[in-house]
Amino acid sequence: MTNTNVSTAKTILVTAATGKTGSRIFSKLNEMGWPVRSGSRNARPGFDWMDQHTWGPALQHIHTVYVCFHPDLAIPGAADIIRSFTETAVSQGVKKLVLLSGRGETAAQHCEQIIMEAGIDWTIVRASWFAQNFSEGYLVEPILAGHVALPAGDVGEPFIDVDDIADVAVAALTDDKHNGQVYEVTGPRLLTFRDAISEIAEATGRPIQYQQMSAKEYSEAIEGLMPKEFVDFLGYLFTEVLDGRNAKLADGVQKALGRTPADFSAYVRKTAATGVWNPQ
C-alpha cells in the first residue's frame, strides 16, 4: 500500500541530518509536511553513530529511517555498526530503512545485505561520487587556492548532484512503491577529475591547476590535516573505487523519478553563482 497521505504518515528519522544528503532530505520532508526527526548530535534527542546509547531514544516512535553512515560504509567496523543499528531499529518497531550506499564498494554492499535481510521494508540508494564534494567538502580549499592535486588520472566518474540523491531518497522514504528497490544513481556523463576542475575554472573565470599525484604522495600530503580514518578512506577511494569499475552510467534516477539526473555542468553553474569558489 502506497502511503501518500501526509496527515497519516509515520515519523521519519533522518540520520546524518546535517550532512550533504541528510540536510537536503530533512528540508524537503519538512517542506512537504512530513513528520521528521533530525538524527544529529545537536538534535533533541541527540544521535551519534558512535554512541549506541543514543540510538534507542532517537528511534522511539519512528516508522522509517534514512540510514546515512558517517564517514562511510567502507571504513573498518562499519558493517558491525550497521548490523547493531538495524537490530535496534527493528526491535524499536521501525518498519522501513532507506540506505545510502556507495557504488563499487564491496564493504558497502555487505551493509546493503544487512539492511535487505532485516525482515522489514527497505530501499537502497547506491550513489556515485558527489558533485558537491567540490563545493561542500575538502576540495573547496584547494580550488580556492587555484591548485588541486589528487591521485586521480584518466578514469571517468559520473558525478551526481546531491539534490538528485535527495529527491530519490525522499521518494523512497515517502512512497511504498520503492520498497525492495536498489537504485544505482549517477550523473548523465563521465568526467575525469581534471575535466571537472576545468569546468569549475571556466565557470569561475579563474585559473585552477590540476595535478595528478600518486596515492602515496597524496596520503603524505594530507596526513595530519584530517583524521587518520578519513585519510585512509580517501586513499581507498582513489586507489580502489576509482580504478575504472565505476566508469559507466546507471539509470537509478530515471527509474526512481522518471527524469534524467542533472548534468555536472548544471551543478557547476548554479554553484559558481553562489560565490563559494571565489577567494575572499
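Further up the page is the structure itself.
Residues numbered from 1 in each chain as written. Predicted model: local features only at pLDDT ≥ 70, side-chain atom pairs only at ≥ 80, totals over all residues. Heavy atoms only, no water.

1. Quick word on the pattern of salt bridges
Enumeration according to the criterion identifies 18 salt bridges in this entry. For R41, the salt bridge is made with D48, and the minimal N-O distance between the two is 3.3 Å. Residue classification places R41 among the exposed residues on the basis of a relative accessible area of 61%. In the salt-bridge network here, residues are joined through shared partners; they are R24, E136, D161, D163 and K270. (Salt bridge = Lys/Arg side-chain N within 4 Å of Asp/Glu carboxyl O. Buried < 20%, exposed > 50% of the residue type's maximum accessible area, 1.4 Å probe, protein only.)

2. Quick notes on the sheet that holds strand β7 (residues 181-185)
If you trace the six strands from one edge of the open sheet to the other, you get β2-β1-β3-β4-β5-β7, paired in parallel fashion. The strands lining the two open edges of the sheet, one partner per strand, are β2 (36-39) and β7. Averaged over neighbouring strand pairs, the angle between their axes works out to 15° when direction is ignored. Pairing between strand β4 (residues 96-102) and strand β5 (residues 121-127): seven bridges, direction parallel. Residue pairing for β5: K96 is matched across the bridge by D121. (Pairing = 2+ DSSP bridges. Helix = DSSP H or I, 4+ residues; strand = E, 2+ residues; numbered from the N terminus. Axes fitted to C-alpha atoms, helices over the stretch in contact; angles between N-to-C directions.)

3. Focus: the packing of aromatic side chains
One pass over the structure, following the stated rule, counts 14 aromatic pairs. Taken together, a centroid distance of 5.9 Å and an interplanar angle of 80° make the contact between F47 and F85 edge-to-face. Taken together, the residues F47 in the loop between β2 and α2 (55-59) and F85 in helix α3 (residues 78-91) connect sequence positions 38 residues apart. Given a relative accessible area of 3%, F47 falls into the buried group. Classification of F85 by relative accessible area gives buried; the value is 0%. Ring centres 6.0 Å apart and planes at 85° place the aromatic pair Y267 and W277 in the edge-to-face group. Residue Y267 is found in helix α11 (residues 264-272), and its partner W277 is found in the segment after α11; the two are separated by 10 residues along the sequence. Owing to a relative accessible area of 1%, Y267 belongs among the buried residues under this scheme. For W277, a relative accessible area of 0% gives the class buried. What links up through ring pairs into an aromatic cluster is the set W129, F134, F159, F193, F264, Y267 and W277. (Phe/Tyr/Trp six-rings, centres within 6.5 Å; stacked < 30°, edge-to-face > 60°.)

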